[in-house]
Amino acid sequence: MDNHTMERLGYDRLELGSERRRLLTQKVTDFIEEHLQKVEKKETACFNINDDRASGLLNFSISEEPKDIESLLKVYEEHVLQNGVDLSHGGHLGLIPSGSAVYPAALGDFLAASINRHSCAFYLGPGAARLEQLLISWVAGLFNFPAGFAGNLTSGGSTATVLSFLTARQSKQLKARDFERTVIYLTDALHVCAYKALNVIGLGEAILRKVPMDKKFRMVPEELRKIVKRDKEAGLLPAIVAASVGTTNFGSVDPIDEIADVAEEFNLWLHVDAAYGGFFVLVDEMKYHFKGVHRADSIIVDPHKSLFMPLGLGVVVVKDGYKLHNANILTVEASYLRDVDMFQDEKSPKNFSFELSKHFRGVRVWLPLQLYGIKPFRECLKEKVELARYFTSRLGEIPGFVVDNYPQLTVVTFHYETGNDDTNERVNQHLLERILQDGSVYISSTTIGGKFRLRICVLHFRSHKDTIDFLLSFLTKAAVSLSSGMIKKLHWRKCKV
Ligand SMILES: *Cc1c(COP(=O)(O)O)cnc(C)c1O
């Protein structure tokens, strides 16, 4: 080795030293503060797409030469923050307003990343493993799971679903030769991540049975029973039923307790997707939606949705913890992991997931939960329920608007009714474009039975009555223009949420 490479040239650049570290941190936090203050004062749009659609970012290529933090933050501001939906903005009422991100969650990430600790194996980080285990137990406790459960903190609901279905497949001892006879039961309202997860674990060839829903988009347990019975008699292998507490499209809640009866009767794996709806269990008035959830074999919840955490955090809990464990442990010996596998009687996250080295994601939810306590989360979720109801009842008073589904949790779908399906689609699409052009609030669209519908989901911790009132006033003005046939000439005043 020549002497040159032994010099600390690279190190001296990478290691900033205390003063520069503080300065750099200060500049980044000042930048964040400036943005969050604008958001709080409602001085920024929630939705915005620039003409170049952020392509200018690509001109700022990665090179040998260093760049200064000011110019990098400027690029970040111009291209990343000025384009798309601002998830920190209370006007976010579209899709599932994920990742509204209470600030201490970011500090948790900062803590985890700046003083990096292993959270994959108990031996490498006993405190880290226990911290994540504490959170999993807390989540399992919310749903009254009996002792013996195990879980994992995942990157989100999709990966949590992969772990659930993988465990179901292993526990049912389904082999490749069985896949074509294996039957999965779901409704049309189940989130698409379930289809992906089935593909990922090799069950893409299984038979999918769509169970009919009632008028409120909930699975009908009696229909499920009939279909499973028929399949069983036909020599098929009924395996998994996937139900939801809070479907994405309608916010509808399947009757879990009655579905659990059918699952028990036919020995099906009951999976509950509560990615969106899960933390409404904290709200007393919503607890009835969770009847029977403790009977599920697996459940997923997304703290990055109904717990106001930044994107990148889901949880899976499996009732029989050994099944999750057995689906994920190595059956070949890895000599380089010998030491790591000490303390077998303690839970190591890597034995409950396909991940090994991973983001110590527990800190981002541990810190805010401990810092705030649970109460403000509960109260904030209750506010969202009330806001969704308020929106629904007020919208019903605006002539021309029709509520398509009353919120079971916080999703409302609606449309302006012109008396003609084709015109309906054109007018409501136009309305959506106007709302997005204004950008003060962000809402999204869907279809119900092939018909175009507008849709809101109230789930942002910064969405309040004034946000809803703004949308209502926007829609009221639209209704006036529409009723006087002025759709083409609509002129929208730029207003703030
Ligand atoms: C968002 C969502 C998912 C998928 O979760 P990700 O965290 O986006 O991967 C699954 N189910 C429901 C009901 C959801 O709302």
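Residues numbered from 1 in each chain as written. Predicted model: local features only at pLDDT ≥ 70, side-chain atom pairs only at ≥ 80, totals over all residues. Heavy atoms only, no water.

A look at the site of the ligand
At step 1: Around the ligand sit 14 residues, and of these Gly-157, Ser-158, Asp-273, Asp-302 and Lys-305 come closest.
At step 2: Ser-158 has a polar side-chain atom sitting 2.6 Å from an oxygen atom of the ligand.
At step 3: Taken together, the elements giving at least two residues each to the shell around the ligand come down to helix H7 (157-171) and helix H11 (303-306).
At step 4: The residue inventory of the shell around the ligand, partitioned by class, reads four nonpolar, seven polar and three charged. (Near = heavy atom within 4 Å. Polar contact = N/O pair within 3.5 Å; in protein donor to acceptor, adjacent residues only side chain to side chain. Helix = DSSP H or I, 4+ residues; strand = E, 2+ residues; numbered from the N terminus. Nonpolar A, V, L, I, M, F, W, Y, C, P; charged D, E, K, R; others polar.)

A closer look at helix H15 (residues 421-438)
At step 1: The terminal C-alpha atoms of H15 lie 26 Å apart, and with 18 residues this matches the ideal 26 Å at 1.5 Å per residue to within 8%.
At step 2: Among all positions in H15, only Asn-424, Val-427, Asn-428, Leu-431, Leu-432, Arg-434, Ile-435 and Asp-438 are buried. Taken end-on, H15 shows its buried residues confined to a sector of 160 degrees, consistent with a single buried face. H15 presents Asp-422 and Gln-437 as exposed residues on the side facing more than 90 degrees away from its buried surface.
At step 3: Against the buried residues of H15 lie strand S10 (401-405), strand S11 (411-416), strand S12 (444-448), strand S13 (451-457) and helix H16 (465-483).
At step 4: Regarding H15, its N-cap is Asn-420, as a side-chain oxygen of that residue lies 2.8 Å from the backbone nitrogen of Asp-422 further along.
At step 5: Of the residues trailing H15, Gly-439 is marked for its positive phi of about 80 degrees. (Expected span 1.5 Å × (residues − 1). Buried < 20%, exposed > 50% of the residue type's maximum accessible area, 1.4 Å probe, protein only. Arc of directions from axis to C-beta. Contact = heavy atoms within 4.5 Å.)

What to know about the sheet that holds S11
At step 1: With antiparallel pairing, the four strands of this open sheet are ordered in space as S10-S11-S13-S12. Each edge of the open sheet carries a strand with a single partner, namely S10 and S12. Averaged over all neighbouring strand pairs, the angle between strand axes comes to 40 degrees, with direction disregarded.
At step 2: Pairing analysis gives five bridges linking S12 to S13, with the strands arranged antiparallel. Following the sheet pairing, Ile-448 is matched in S13 by Lys-451.
At step 3: The strands touched by helix H14 (residues 375-395) within the sheet are S10, S11 and S13, with S11 carrying the most contacts at an inclination of about 20 degrees. (Pairing = 2+ DSSP bridges. Axes fitted to C-alpha atoms, helices over the stretch in contact; angles between N-to-C directions.)

A look at the side chain of Lys-384
At step 1: Assignment of secondary structure puts Lys-384 in helix H14.
At step 2: Look at Lys-384 and you get buried, because its relative accessible area is 0%.
At step 3: A polar contact of 2.7 Å, which involves the side chain of Lys-384, links it to the backbone oxygen of Ser-463.
At step 4: Lys-384 has contacts with Thr-410, Val-458, Leu-459, His-460, Phe-461, Ser-463 and His-464, leaving out every residue within four places of it along the chain.

Considering the domain arrangement of the chain
It is common to give the size of an interface as the accessible area lost on bringing the parts into contact.
At step 1: Structurally, the chain comprises domain 1 (15-92), domain 2 (109-372) and domain 3 (375-489).
At step 2: Here the C-alpha centroids of domain 1 and domain 2 sit 35 Å apart. (Domains from an automatic or database assignment.)

Brief notes about the pairing of strand S4 (residues 182-186)
At step 1: Of all the five residues making up S4, five are buried; the element is thus mostly covered by neighbouring parts of the structure.
At step 2: Across four bridges, the pairing between S4 and strand S5 (residues 207-210) is parallel. Bridging across to S5, Tyr-185 finds its partner in Arg-209.
At step 3: Following the backbone out of S4, through helix H8 (residues 193-200) and into the adjacent parallel S5, one traces a crossover that is right-handed. (Right-handed = clockwise from strand over helix to strand, strands pointing away.)

What to know about the sheet that holds strand S7 (residues 269-274)
At step 1: Strand order in the open sheet made by the seven strands is S3-S9-S8-S7-S6-S4-S5, with mixed pairing throughout. Among the strands making up the open sheet, the edge pair consists of strand S3 (150-154) and S5. Taking the axes of each pair of neighbouring strands and ignoring which way they run, one obtains an average angle of 20 degrees across the sheet.
At step 2: Bridging between S3 and strand S9 (residues 314-318) involves five bridges; their strand directions are antiparallel. From the neighbouring strand, Ala-150 faces S9, where its bridge partner is Val-318.
At step 3: Along the sheet, H7 makes contact with S3, strand S6 (237-244), S7, strand S8 (298-301) and S9, crossing S7 at roughly 175 degrees.
At step 4: Taken strand by strand, helix H12 (residues 321-328) contacts S3, S7 and S9, and its axis lies near 55 degrees from that of S3.

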